[in-house]
Amino acid sequence: MRALGSGEPPPTLPPGPPDELGELTAAFNAMGAELERRRQADRRLTADIAHDLNTPLTVMRSTLEGLLDGTFPTTPERLARLHTQTLHLGRLVGDLRLLALAETGDLHLRREGLEAGALVGDVVAGFAGLAEREGVTLTARLPDRPLSLHGDPTRLTQVLGNLITNALTHTPAGGRVEAGATAEPGHVVLTVRDTGRGIPAASLPHVFERAYRADAARAGTGTGLGLSSARTLVEAHGGRIDLTSEEGRGTTARVVLPAAGA
C-alpha cells in the first residue's frame, strides 16, 4: 500500500492461505500487475506519440528547407509528399483530441436518423481511389432493406474510415476489402472484412490499446490510435466493436449499434 501511495510498483506478495486473506493477497497482486501494465503502456504511448509527431515534422522541415534554399526544385511530387505528411499529422492530432474529450466527458454527439446502407456506401465511395492505387478490390455489401439507426454521421463515418484504412493498409495488392451492413435483433451491424495478413492471436486482445501496433514492421504507417478512437466513438453510441482475425486469411471488424427505436 505504501509503495502504491508513493507511485512505486508494489512488490508481488507470496500466495496467502486458502481463506479471505489469501483472496485479498491474490487480488492485491492482480491489481499491482495491472497498474504496472498501465504505467508501462502510458510510457510507451508518450514515446510513440513523440515519435509519430517527430517523423513527419522532420520530413516536412528538411523538404521545406531544401525548397527554400534551392537544393530541391519545387515539383508536384514533393508537394504531394508534404501534403501526405500534413494529413498524417492532422489525423494524429484529431485522434488525440478525440480521446482527450472522451476522458474528460466532453465528447458530444450530434445524433440524427441514419440509414446504414447509405452510410456504408458513401464511406466506401470515398476510399475507392485509394483502394485502386493500392491494387485492392473494395466493395460494399448493402442491405436489401433500409436499416435505421440514430447516430452522429460524422463520427460513424470516422469509425468506418478508420476500419477501412486499417484493412487497406494490411491487405496486399490483389486482395479484397468488403464493408457492409446487416441487421440483428435490436441492432444494426456494420462490418469490414479483408483478406489481408491477419493479426497474431497474441496481439488480438491488445489491438484497441492506445498506440498499440500488432505489426512492428509497419510502426511508422499510422497513428496507432485509430482503433482506440473507433472504440471510444462506438461506445459513446451505446454500441460495441470487436475484431476476429486469422493470420494469413484476414480480419473482420464488427460494429454493433442499437437500431433506431431500440
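Caption draft 1: Summary view of the overall build of the protein chain. When you go through the protein chain residue by residue, the secondary structure sums to seven helices and seven strands. The secondary structure elements of the protein chain, listed N-terminal to C-terminal, are α-α-α-β-α-α-β-β-α-β-β-α-β-β. Along the first, second and third principal axes, the C-alpha atoms of the protein chain reach 70 × 60 × 40 Å. Buried positions account for 36% of the 262 residues belonging to the protein chain. When the accessible surface of the protein chain is split by element, carbon and sulfur atoms take 56% of a total near 15,000 Å².

Caption draft 2: Representation of helix α3 (residues 76-104) within the structure. For α3, with 29 residues, the first-to-last C-alpha span of 42 Å sits near the 42 Å given by 1.5 Å per residue. If you check which residues of α3 are buried, you get R78, L82, H88, L89, L92, D95, L98, L99 and L101. Phi for G105, located one or two positions after α3, is positive at around 75°.

Caption draft 3: Representation of the confidence of the model for the protein chain. When the pLDDT values of the protein chain are averaged, the result is 86; 92% of them are 70 or greater. Segment residues 216-223 is flagged for pLDDT under 50; beyond a separation of four residues in sequence, or across chains, it makes 16 contacts in the model.

Caption draft 4: Main features of the nonpolar core. In terms of nonpolar packing, the biggest core is built from 41 residues, with L163, I164, L190, V192 and V255 touching the most fellow members. If you list the elements that add at least two residues to this core, you get α3, α4 (116-126), α6 (153-169), β4 (176-184), β5 (187-194), α7 (226-236), β6 (240-246) and β7 (250-258). Looking at this core element by element, the count peaks at seven residues for α6. Every residue in contact with L163, bar those within four places of it in the chain, is listed here: V192, L227, I241, A253 and V255.

Caption draft 5: Broad picture of the sheet that holds β6. If you walk across this open sheet you meet the five strands as β2-β4-β5-β7-β6, and the pairing is mixed. The two strands at the open ends of the sheet, each matched to only one other strand, are β2 (137-141) and β6. Strand-to-strand twist across the sheet, computed as the mean angle between neighbouring axes with direction ignored, equals 15°. Here β6 runs beside β7; their pairing, made up of seven bridges, is antiparallel. Among the inter-strand pairings, D242 is bridged to a residue of β7, identified as R254. Strands β2, β4, β5, β6 and β7 of the sheet are contacted by α6, whose axis makes an angle of about 25° with β5. Contacts between α7 and the sheet are confined to β6 and β7, with β6 contributing the most and set at about 140° to the helix.

Caption draft 6: The arrangement of the environment of D69 in detail. Along the chain, the position of D69 falls in the loop between α2 (20-68) and α3. In terms of polar contacts, D69 uses its side chain to reach the side chain of T71, at 2.6 Å.

Caption draft 7: Structural detail: the pairing of strand β3 (residues 148-151). On β3, burial follows the alternation: L149 and G151 on one face are buried, whereas S148 and H150 on the facing-out side are not. For strand β1 (residues 112-115) and β3, the ladder comprises four bridges, and the chain directions are antiparallel. Along β3, the bridge assignment pairs G113 with H150.

Caption draft 8: The packing of α3 against α7, seen in detail. Look at α3 against α7: their axes get within 10 Å of each other, and the N-to-C directions meet at 40°. Overall, the two elements α3 and α7 adopt an arrangement that is oblique. Judged by the twist between their axes, the crossing of α3 over α7 is left-handed. The segment α3 lies against α7, with D95, L98, L99 and A102 engaging G226, S228, S229, T232 and L233. Tallied by class, the residues present in the contact of α3 with α7 amount to four nonpolar, four polar and one charged.

Procedures and definitions
Residues numbered from 1 in each chain as written. Predicted model: local features only at pLDDT ≥ 70, side-chain atom pairs only at ≥ 80, totals over all residues. Heavy atoms only, no water. Helix = DSSP H or I, 4+ residues; strand = E, 2+ residues; numbered from the N terminus. Buried < 20%, exposed > 50% of the residue type's maximum accessible area, 1.4 Å probe, protein only. Areas by Shrake-Rupley, 256 points an atom, 1.4 Å probe, with all protein chains shown as cover. Expected span 1.5 Å × (residues − 1). pLDDT = per-residue confidence, 0-100. Contact = heavy atoms within 4.5 Å. Core = buried A, V, L, I, M, F, W, Y, C linked by side-chain atoms within 4.5 Å. Pairing = 2+ DSSP bridges. Axes fitted to C-alpha atoms, helices over the stretch in contact; angles between N-to-C directions. Polar contact = N/O pair within 3.5 Å; in protein donor to acceptor, adjacent residues only side chain to side chain. Parallel < 35°, antiparallel > 145°, perpendicular 65-115°, else oblique. Left-handed = near helix turned anticlockwise from the far one by under 90°. Nonpolar A, V, L, I, M, F, W, Y, C, P; charged D, E, K, R; others polar.

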